[in-house]
Amino acid sequence: MKLQIPSSSLRPYQIPFFAAMQSGCKEAVLVQSRRSGKDFVSHAWTCYAALSRKGTYWVLMPQQNMIRRSFWQGIDANSGQRILDIHYPEAIRTKTLIQEMMIELVNGSTIQFLGSDQPDALVGSGVCGVTISEGAISNPNAISYITPMLAENDGWLVVNSTPRGKNWFYDYFMELQADPDAYTCILTADDCGHIPPHILERERRRKSKGLFMQEYMCSFAHGMEGSVYLQEMATVANGGQICSVPYDPAVPVFTAWDIGYDDKTAIVWFQVGIGGDIRVIDYMEDNGEQPRYYLDIVDGKGFNYHTHFLPHDGGHNRFGMESIAKQFSDLGYSNYVLPRVPNLQPAIEATKVQLAKTVFDSAKTARLVSALNAYRYEYDDKMGRFKRQPLHDWASDGCDSFRYAAQAAKMGLCSTGNWGAPLDYSEIDKGNVW
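Note that the coordinates shown come from a computational prediction; the quantities given were computed from them, not determined experimentally.

Colleague: How should the overall build of the protein chain be read in this particular structure?
Modeller: Counting its secondary structure elements, the protein chain contains 16 helices and 17 strands. By the compact-globule yardstick of 22 Å for 434 residues, the protein chain fits well, its C-alpha radius of gyration being 24 Å. Its C-alpha atoms put the protein chain at 80 × 50 × 45 Å along the principal axes. Taking all 434 residues of the protein chain together, 53% fall into the buried category. Long-range pairs, those at least 24 residues apart, make up 68% of the contacts in the protein chain with a sequence separation of at least 6. As displayed, the protein chain offers around 20,100 Å² of accessible surface, 50% of which is attributable to carbon and sulfur atoms. Distance between charge centres in the protein chain, computed from 40 positive and 48 negative side chains, equals 7 Å.

Colleague: I'm lost on the packing of helix H8 (residues 197-206) against helix H9 (residues 209-217) in this one. Help?
Modeller: Any two packed helices are characterised by how steeply their axes cross, that is the angle between the axes, and by the distance between the axes. Interaxial distance between H8 and H9 falls to 8 Å at its minimum, and their mutual angle equals 145°. Here H8 contributes Leu200, Glu203 and Arg204 to the contact with H9, which in turn contributes Phe212, Tyr216 and Met217.

Colleague: Would you explain the environment of leucine 150 in this entry?
Modeller: With respect to the helices, strands and loops of the structure, leucine 150 is situated in helix H5 (residues 141-152). For the pair leucine 150 and lysine 26, spaced 124 residues apart in sequence, the C-alpha to C-alpha distance is 9.0 Å. The contact partners of leucine 150, leaving out residues within four places of it in the chain, are Val127, Cys128, Gly129, Val130, Gly155, Trp156 and Leu157.

Colleague: Help me understand the pairing of strand E2 (residues 56-61), please; the structure alone is not making it clear to me.
Modeller: Every other side chain in a regular strand lies on the same face of the sheet, so the side chains alternate between the two faces. Burial of E2 is extensive: five of the six residues sit out of reach of the surface. Two strands pair when backbone bridges link them, and E2 and strand E5 (residues 110-115) are joined in this way by six bridges, in the parallel orientation. Across the sheet, threonine 56 pairs through a bridge with threonine 110, a residue of E5.

Colleague: It is not clear to me how the packing of aromatic side chains should be interpreted in this structure. Could you clarify?
Modeller: We describe a pair of aromatic rings using the distance from one ring centre to the other and the angle between the two ring planes. Enumeration according to the criterion identifies 28 aromatic pairs in this entry. Considering the side-chain rings of phenylalanine 17 and tyrosine 183, the 6.0 Å spacing of their centres and the 50° angle between planes classify their relative orientation as tilted. Pair noted here: phenylalanine 17 is in helix H1 (residues 15-22) and tyrosine 183 is in strand E8 (residues 183-187), with a separation of 166 residues, a long-range link. We note that phenylalanine 17, like tyrosine 183, is buried. A connected cluster of aromatic rings, assembled from ring pairs, spans Trp168, Phe169, Tyr170, Tyr172, Phe173 and Phe220. Across from the ring centre of tryptophan 269, 5.0 Å away, lies the NZ or CZ of lysine 301, which sits over that ring.

Colleague: Would you mind showing me how to read H5 here?
Modeller: Note on helix geometry: an α-helix contains 3.6 residues per turn, so any two residues three or four positions apart are oriented the same way. For H5, every residue scored as buried is listed here: Ala142, Ile143, Ile146, Met149 and Leu150. In an axial view of H5, the angular spread of the buried residues amounts to 135°, which keeps them on one side of the axis. Set apart from the buried face of H5 by more than 90 degrees, the exposed residues are Ala151 and Glu152. Taken together, the buried residues of H5 touch E2, strand E6 (127-133), strand E7 (156-161) and helix H6 (168-177). One or two positions beyond H5, positive phi appears at aspartate 154, with a value near 55°.

Colleague: Honestly, the nonpolar core in this entry has me stumped. Any pointers?
Modeller: Note on soluble globular proteins: their nonpolar side chains tend to be buried together. If you look at the biggest cluster of nonpolar residues, it comprises 40 residues, and the most contacted ones within it are Tyr229, Phe270, Phe309, Leu338, Phe360, Leu368 and Leu372. Of all elements in the fold, only helix H10 (230-238), strand E10 (253-258), strand E11 (265-272), strand E12 (278-286), helix H13 (344-355), helix H14 (366-374) and helix H15 (396-410) reach the threshold of two or more residues within this core. Among the nonpolar cores identified, the runner-up in size contains 37 residues, and Phe18, Met21, Ala49 and Ile103 belong to it.

Colleague: Sorry if this is basic, but what is going on with the sheet that holds E11 here?
Modeller: Sheet strands line up and pair through hydrogen bonds in the backbone, either parallel or antiparallel. In space, the seven strands of this open sheet follow the order E9-E15-E12-E11-E10-E13-E14, with mixed pairing throughout. With one partner strand each, in any of the chains shown, strand E9 (242-243) and strand E14 (335-337) form the two edges of the open sheet. As judged from the three bridges shared by E12 and strand E15 (residues 358-361), these two strands associate in the parallel manner. Its bridge partner lying in E15, arginine 279 is registered against valine 359.

What counts and what doesn't
Residues numbered from 1 in each chain as written. Predicted model: local features only at pLDDT ≥ 70, side-chain atom pairs only at ≥ 80, totals over all residues. Heavy atoms only, no water. Helix = DSSP H or I, 4+ residues; strand = E, 2+ residues; numbered from the N terminus. Rg over C-alpha atoms; globule rule 2.2 N^0.38 Å. Buried < 20%, exposed > 50% of the residue type's maximum accessible area, 1.4 Å probe, protein only. Contact = heavy atoms within 4.5 Å. Areas by Shrake-Rupley, 256 points an atom, 1.4 Å probe, with all protein chains shown as cover. Lys, Arg positive; Asp, Glu negative; His and termini not counted. Charge placed at Lys NZ, Arg CZ, Asp CG, Glu CD. Axes fitted to C-alpha atoms, helices over the stretch in contact; angles between N-to-C directions. Pairing = 2+ DSSP bridges. Phe/Tyr/Trp six-rings, centres within 6.5 Å; stacked < 30°, edge-to-face > 60°. Lys NZ or Arg CZ within 6 Å of the ring centre and 35° of its normal. Arc of directions from axis to C-beta. Core = buried A, V, L, I, M, F, W, Y, C linked by side-chain atoms within 4.5 Å.

The values reported here are purely geometric and, on their own, carry no functional implication.
Pasting the structure below:
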């Protein structure tokens with residue numbers, strides 16, 4: 001029996017990408033219109049490459065449950081076939097490990113389907129090729145973990161997506177456009193011709209201009225649909241608020257922490273001006289470490305510290321251990337546990353106001369800026385609208401830590417007029433001020 005790989009003929013606009021990869025290209029970015037087959041051609045290349053060279057291959061989507069639902073368990077509406085079987089026919093597979101979402105091919109290659117939301121888990125030897133689907137809403141740290149392994153194994157990386165504003169994916173695309181050894185393309189609905197004109201015109205009427213331009217004309221100008229801080233971060237970017245923000249030794253430094261027990265710990269370093277403007281001078285996130293590890297990093301900055309702001313659960317004892325606040329105090333660090341916010345929406349609105357008077361250091365806080373751009377409401381497929389609660393993904397930790405910084409500034413805890421003077425916390429502790 002003979003099989004065709006790719007499983008069906010490539011469309012004319014897909015051939016240049018496939019030819020470039022066959023010719024030895026090691027890095028490619030596909031910016032394409034919705035429903036233009038960017039995932040199809042990416043899977044086609046992955047299958048072809050895995051059969052051509054024995055090794056380990058990964059296919060990533062933004063979240064593990066997303067790739068399980070839409071690909072691993074997905075059914076093609078037209079043919080009724082499993083999507084997995086269309087791209088990787090059973091005849092070329094010797095093993096299909098359901099729980100691990102991994103297949104083994106007849107030549108010994110393995111292809112595993114993973115989420116990029118936990119980049120720390122992306123470790124392994126012998127990785128020869130990686131495809132990242134929907135790169136614009138994927139964790140940007142994933143590439144940092146992947147590229148060293150690919151460099152060691154002479155491997156390749158393909159990232160595909162429709163735009164979601166000028167976030168990390170936009171920067172990555174622009175970087176590769178200037179690289180003569182990389183392959184890049186922008187293919188709009190007009191370029192691909194995959195949608196009949198009357199249907200495309202109907203979509204134009206039904207969607208906002210910005211969303212239509214993003215989804216079908218590959219415009220980076222609109223921003224991520226459903227983004228919590230869509231307009232605010234656009235103003236930040238356009239207003240020159242992402243720039244060089246040096247540490248001012250004459251002004252105290254504050255930190256705001258989102259403490260990770262099962263996920264990451266994120267820390268924002270900031271200074272506050274007389275008018276309440278926040279100057280974010282540094283940022284970090286890590287996981288699996290004890291407080292002393294983070295405090296050593298804090299000390300290593302050499303800043304003149306005033307207060308370290310902790311979330312409300314920083315005052316809780318967990319699993320028989322003393323609270324983070326107590327551990328900080330015992331180690332000699334001045335900290336303040338912020339009151340719990342029972343309703344997230346007013347806190348988000350207050351954070352939006354604060355963003356208008358915040359500047360971010362372009363070099364040291366790029367990860368935080370990416371998180372603020374990527375923080376988005378989860379879409380409810382059944383109801384056809386966005387949920388009220390933001391999606392908890394890689395962007396949440398950084399956004400929470402900045403929200404705590406905004407909360408502290410809003411509550412007057414960083415006011416220059418109050419430095420060295422006792423504050424009346426009676427209304428603050430009741431949550432009435434915030």
